[in-house]
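Observations on the three-dimensional arrangement
Chain by chain, the residues run as shown.
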Amino acid sequence: MDSLEQNLRDVENKLEKLQDKIALEEAFAKKANVRYEQNLRAFEKYFPDIYQRFIAYNPKQDFQLDVNPDGTANIIDYDTKVPMYSQTPIEQVEAQVKETLAKPELSRVDFSSVEFIEDTADFLHVRVMNKVGKAFNKAKAELEENLLVDKTIPSKVIFGIGLGYHLQPLLEATKACYITIFEPNEDYFFASLFSFDWAKYLKQVDDDGSYLYIGIGDSEEDMYQTLYQRAKSIGAFSISNSFFYLHYKSQSVANLVSKIKENFHQFFMGWGFVDDALMSVAHSIGVAEKNPNMLDQAVKLPKPVEQFPIFIVANGPSLDKDIEFIKSHIDKVIVVACNSASTALLTQGICPDFHVALERTKETYDLLEAVISEEERQKINLLVLNVMYPDVLDLFGWSGVALKGSEPGTVLFQLGVFLESKTLMPTIGYSNPLVGNTALSFFAHLGFSDIYLFGVDNGYVDEAHHHSKASFYYDEEGNSKLDSIKMGAEFEVEGNFGQTVITEPFLYTGKEQMDRLISSFAGTNLQCYNCSDGAKIEGATPLRSSEIILGSSATSKEQAINFVKENAFKKLNLQGSLEDLLSFDIFEQICNTMIEILEQPINNRGDALKNVIEHLRYLMSFKAEERYLHLYLILEGETLYINSVLLSLLFNFGDEKNIIPYFKEALAHWIDFLKIAPEQYRERWNVLSDHDFVFTESK
């Protein structure tokens, strides 16, 4: 009888708990549905694309949102199959935030070497970087390293939304100018619409004046590209001074963090600087005055021309094994030589059909005049970008020009054409940092569909064998006459044919630019074959030269080349002068306003950060002003370089107060630069490069 009574009590208890659970779930559902509606309205206001994406969203079948005994939500983790949170998630997350802030994961960059950059070309950029670098090193030597997260920081990157419990505590703990939130799982974000007050969060971020990016359901590559492109557009300080917060463990997030660490160098490359920018203006105006043949991307190649094989030949070490193959097929293909590769080909009796050059300084003119005879140059067609030293165009029998993106000279060129003919001239993408990038970009944008890469190694197996030994880099005995230029620490990457290849940041960036170019032509007829024994290029099919089968073509090589020269390029015959569009006075106003912002009172890190971000955002506002976009681009590179160092100095060392004198010392050099920049622009807008080519014998 006692046993029966016990069983009855157990049943009653279970029923009571079930009733309590039902009541709890009903109460939660009522609140959650209201919150969901409020959150959707908030996203409709701030992120309409997210609103449209989730207004009628259906999660997966195994989606399971539960209610804890304290009335909070919980969710079953798809990876572990157990609840993501404890039964008291608020307390759990508060502890996680506190623990993370106590031992934060910070992205910090050491700019110690900036003070010692050699000024080999008498660049204003190097002189101001040296001065700011000296202030950086002074702070590093005299202050303790700052390992804490300040109340106000440049950037916060949050991996994982889950149910959103950590977002508000993080927002209250530290305000960031740029907030990036990644959630690889769409279902988790959908669940957070019921559990987290996004409406309050988004309003507070907006009131704080912070920039917020939310990536939902992105792949690791998409998340990485988001950070990379942001670093390119608003400055690497947005990454170099980031507080990283990992909410929950997942393979996607782990892969992303690993990719960031492996490719961190890319965030700090390719900005350009003021001397380069002024050279861009001078050279573009000089090129325009020659009334060159300009690439017309609107022209569609006839099928026989489109399918005619293109051999892009760079001067990587693996070229040596393929030169004989190229020579044996010279009549069936168009040979495109990447700068110094021309010397390797000519030495072997191969006259390239096109020579592609990239380096914009006078050095290119001197080199080509010195190593390729006048007779040979008259047989070769030249392809360059508009920022090239203008007289290079006169060295060859025929020359064609395309526009390079993100250049002040290019914007001036486009503006002049638009004002005169109301037509837009597009740029060719991913055309740097290596001449192989330029060549591939040219022929992909021309519309050729059958492209083969030789000597496009983007690295090397043997450091002593850094280029083709048939080129001018080596003497007749195969000994190196010139030092191989290295721009960072070497590391190993996957090779095109499975082997390991040594590369360094500059070369690897060239490889990744090729990845991006080929990806941008997805869905077109472009087929790219990598015959080089170097770094693997994503999207290019590995193919040894011995495996290449060239069929017969319905057009001859001469006909294909002539069609390109006569139809895919056109004369612009600009009547107006680009000089009339320079806008010196507006440029001076921009610099003066930036100075005014930077000279506002600074008492602590928050004040300093506010001034820096405000003057950066003011400058960036001119990105949307087509008439003055070239003025923005003149300052862009220098601004991104200097302010990355300034903010690293500000946050890497000391505390809220004792860092300020060091920051002000560095800031003064930047302000001094802005004071002389207008005069520099007026004096140097038409000054061509005078950087001569000089052989440096290796020892």
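Residues numbered from 1 in each chain as written. Predicted model: local features only at pLDDT ≥ 70, side-chain atom pairs only at ≥ 80, totals over all residues. Heavy atoms only, no water.

**Some details on the overall build of the protein chain**
The cut-off we apply is this: By the criteria applied, helices consist of DSSP H or I runs no shorter than four residues and strands consist of E runs no shorter than two, each listed in order from the N terminus. Exposure classes here rest on a 1.4 Å probe applied to the protein chains alone. A residue is buried below 20% of its type maximum, exposed above 50%, and partly exposed in between. Only heavy atoms enter the contact rule, under which two residues are in contact if any of them lie within 4.5 Å. What sets the accessible areas is the Shrake-Rupley method with a 1.4 Å probe; for residues, cover comes only from the shown protein chains.
Helix and strand content of the protein chain: 24 helices and 19 strands. Classification of the 699 residues of the protein chain by burial places 55% in the buried group. The contacts of the protein chain with a sequence gap of at least 6 include a subset with a gap of at least 24, amounting to 75%. Carbon and sulfur atoms provide 50% of the accessible area of the protein chain, an area that totals close to 30,700 Å².

**Comments concerning the pattern of salt bridges**
This is how it is decided: Any Lys or Arg side-chain nitrogen found within 4 Å of a carboxyl oxygen on Asp or Glu counts as a salt bridge.
Evaluation of the coordinates by the stated rule reveals 24 salt bridges. Two residues, Asp 515 and Lys 511, come together in a salt bridge whose shortest N-O distance is 2.6 Å. Remark: Lys 511 and Asp 515 occur in helix α19 (residues 505-520); sequence separation between them is four residues, near one turn of the helix. Look at Lys 511 and you get buried, because its relative accessible area is 6%. Where salt bridges share partners, they join Asp 276, Arg 360, Lys 404 and Glu 407 into one cluster.

**Some details on the packing of aromatic side chains**
What counts, and what does not: Between rings of Phe, Tyr and Trp, where Trp is taken as its six-membered ring, a pair exists when centres lie within 6.5 Å; planes separated by under 30 degrees are stacked, by over 60 edge-to-face, and by other angles tilted. Only Lys NZ and Arg CZ are tested; either one counts as a charge over a ring when it is within 6 Å of the ring centre and within 35 degrees of the ring normal.
Summed over the entire model, instances satisfying the criterion amount to 39 aromatic pairs. Where Phe 54 meets Phe 189, the ring centres are 4.8 Å apart and the plane angle is 65 degrees; that geometry is what we call edge-to-face. Taken together, the positions of Phe 54 in helix α2 (residues 48-54) and Phe 189 in helix α6 (residues 186-195) put the pair 135 residues apart, joining distant regions of the chain. Plain terms: the ring middles of Phe 159 and Phe 244 are 5.9 Å apart, the flat faces sit at 15 degrees to each other, and that makes the pair stacked. Separated by 85 residues along the polypeptide, Phe 159 in strand β4 (residues 152-159) and Phe 244 in strand β7 (residues 242-246) bring together distant segments of the chain. Taken together through their ring pairs, the aromatic side chains of Tyr 36, Phe 43, Phe 47, Phe 54, Tyr 57, Phe 63, Phe 189, Phe 190, Phe 194, Phe 196, Trp 198 and Tyr 201 make up a single cluster. A cation over a ring is seen here: Lys 422 above Phe 418, with NZ or CZ 5.8 Å from the ring centre. Sitting above the plane of the Phe 497 ring, Arg 544 keeps its charged end 3.9 Å from the centroid.

**Concerning the side chain of His 329**
For the record, the criterion: N or O atoms within 3.5 Å of each other form a polar contact, as long as, within protein, one can give a hydrogen and the other can take it, and as long as residues adjacent in sequence are counted only when both atoms are side-chain atoms.
Here His 329 shows up in the loop between α13 (323-328) and β10 (334-338). Classification of His 329 by relative accessible area gives buried; the value is 17%. A distance of 2.9 Å separates a polar atom in the side chain of His 329 from the backbone oxygen of Phe 325.

**Quick word on the sheet that holds strand β19 (residues 569-571)**
Keep this limit in mind: Pairing between strands is defined by DSSP: at least two bridges between the two strands are required.
If you trace the ten strands from one edge of the open sheet to the other, you get β18-β17-β14-β9-β10-β11-β12-β13-β8-β19, paired in mixed fashion. The open sheet has two edge strands with one neighbour each: β18 (541-542) and β19. As defined by bridge partners, strand β9 (residues 310-313) adjoins strand β14 (residues 450-454) across four bridges and the pair is classed as parallel. Bridge pairing in β14 links Phe 311 to Tyr 452.

**Considering unusual backbone geometry**
Residue Pro 433 is bonded to the preceding Asn 432 through a cis peptide linkage, with omega at 15 degrees. Of note, Pro 433 is situated in the loop between α17 (408-421) and α18 (435-446). Positive phi outside glycine occurs at Lys 81, with the angle close to 65 degrees. Relative to the elements of secondary structure, Lys 81 occurs in the loop between β2 (73-75) and α3 (89-102).

**Topic: the nonpolar core**
Looking at soluble globular proteins, one finds that nonpolar side chains tend to be buried together. Here is the rule: Take the buried Ala, Val, Leu, Ile, Met, Phe, Trp, Tyr and Cys residues and link them wherever side-chain atoms come within 4.5 Å; each set so joined is a nonpolar core.
Grouped together as the largest cluster of nonpolar side chains are 136 residues, with contacts concentrated most on Phe 43, Trp 198 and Tyr 201. Among the elements that make up this core, the one with the highest residue count is helix α23 (residues 629-652) (13 residues). With residues up to four places along the chain from it excluded, the contact list for Tyr 201 reads Leu 167, Gln 168, Leu 171, Ile 179, Ile 181, Phe 196 and Leu 212. Membership of the second largest hydrophobic core comes to 43 residues, among which are Leu 358, Leu 385, Val 435 and Leu 517.

**Some thoughts on a nonpolar patch on the surface**
Stated formally: Patch membership needs two things, relative accessible area over 30% and no salt bridge, and members are linked within 9 Å if like-charged or within 5 Å if nonpolar (Val, Leu, Ile, Met, Phe, Trp, Tyr).
Taken together, the side chains of Phe 418, Leu 419 and Leu 424 define a hydrophobic patch exposed on the protein surface, amounting to about 310 Å² of accessible area. Here Phe 418 is to be found in helix α17. Given a relative accessible area of 32%, Phe 418 falls into the partly exposed group.

**A look at the packing of helix α4 (residues 124-142) against α23**
Put simply, the test is: Simply put, an axis is a line fit to the C-alpha atoms, just over the touching stretch for a helix, and the angle between two N-to-C directions goes from 0 to 180 degrees. We call two directions roughly parallel when the angle between them is under 35 degrees, roughly antiparallel when it is over 145, roughly perpendicular when it lies between 65 and 115, and oblique otherwise. Each residue gets one of three labels, nonpolar for Ala, Val, Leu, Ile, Met, Phe, Trp, Tyr, Cys and Pro, charged for Asp, Glu, Lys and Arg, and polar for the others, Gly among them.
In contact at an axis separation of 10 Å, α4 and α23 are set at 5 degrees when each is read in the N-to-C sense. Here α4 lies roughly parallel to α23, going by the angle between them. Residues His 125, Val 128, Met 129, Val 132, Ala 135, Phe 136 and Ala 139 of α4 pack against Glu 638, Tyr 641, Ile 642, Val 645, Leu 646, Ser 648, Leu 649 and Asn 652 of α23. Counted by class, the contact of α4 with α23 contains eleven nonpolar, three polar and one charged residues.

**Considering α3**
Counted only if it meets this: Between the first and last residue of a helix there are one fewer steps than residues, each counted as 1.5 Å, and that sum is the expected span. Directions drawn from the helix axis to the C-beta atoms are what define this arc.
Its 14 residues give α3 an end-to-end C-alpha distance of 20 Å, which sits within 8% of 20 Å, the value for a rise of 1.5 Å per residue. Of the residues making up α3, those classed as buried are Pro 89, Val 93, Val 97 and Thr 100. The buried residues of α3 occupy an angular sector of 70 degrees when projected down its axis, which confines them to one face. Residues of α3 that are exposed and point over 90 degrees away from its buried face: Glu 91, Lys 98, Glu 99 and Ala 102. On its buried face, α3 sits against β2, α5 (167-173) and β7.

**Some thoughts on the confidence of the model for the protein chain**
Counted only if it meets this: Confidence of the predictor at the level of single residues is given by pLDDT, which spans 0 to 100.
Overall, the prediction assigns the protein chain a mean pLDDT of 89, with 89% of residues at 70 or greater. Low pLDDT, under 50, characterises residues 14-18; the stretch is placed with zero contacts to residues that sit more than four places away or in other chains. Every residue in residues 695-699 is under pLDDT 50, and counting partners more than four places away or in other chains gives twelve contacts.

**Side note on the packing of α23 against helix α24 (residues 660-684)**
Close contact between α23 and α24 brings their axes to 10 Å; oriented N to C, the two are set at 170 degrees. The angle between the axes of α23 and α24 places the two elements in the roughly antiparallel class. Residues His 630, Leu 631, Ile 634, Leu 635, Glu 638, Thr 639, Ile 642, Asn 643, Leu 646, Leu 649 and Leu 650 of α23 touch α24, and the partners they reach there are Ile 660, Tyr 662, Phe 663, Ala 666, Leu 667, Trp 670, Phe 673, Leu 674 and Tyr 681.

**As for the environment of Leu 163**
Tracing the backbone through its elements, the reader meets Leu 163 in the loop between β4 and α5. According to the relative accessible area criterion, Leu 163 is buried, its value standing at 0%.

**Quick notes on the environment of Ala 568**
Note on placement: Ala 568 falls in the loop between α20 (557-567) and β19. Taking the C-alpha atoms as reference points, Ala 568 and Ala 298, 270 residues apart in sequence, are found 8.1 Å from one another. Beyond its immediate chain neighbours, meaning those up to four positions away, Ala 568 contacts Met 294, Leu 295, Asp 296, Val 299, Leu 446 and Phe 563.

**Re the side chain of Asp 296**
Here is the rule: In this tally, Lys and Arg are treated as positive and Asp and Glu as negative; His is ignored, and so are the chain termini.
Following the sequence through the fold, Asp 296 ends up in the loop between β8 (293-295) and α12 (303-306). Among buried charged residues, Asp 296 stands out as having no salt bridge; its nearest opposite-charge side chain is Lys 570, 4.1 Å away. Other than its neighbours up to four places away in sequence, Asp 296 contacts Ala 568, Phe 569 and Lys 570.

**Quick word on the sheet that holds strand β3 (residues 105-107)**
One open sheet accounts for five strands, arranged β3-β7-β4-β5-β6; its pairing is mixed. Among the strands making up the open sheet, the edge pair consists of β3 and β6 (211-216). Strand-to-strand twist in this sheet, taken as the mean axis angle between neighbours without regard to direction, amounts to 20 degrees. Where β4 meets β7, five bridges bridge the pair, whose relative direction is parallel. By the bridge assignment, Val 157 is partnered in β7 with Phe 244.

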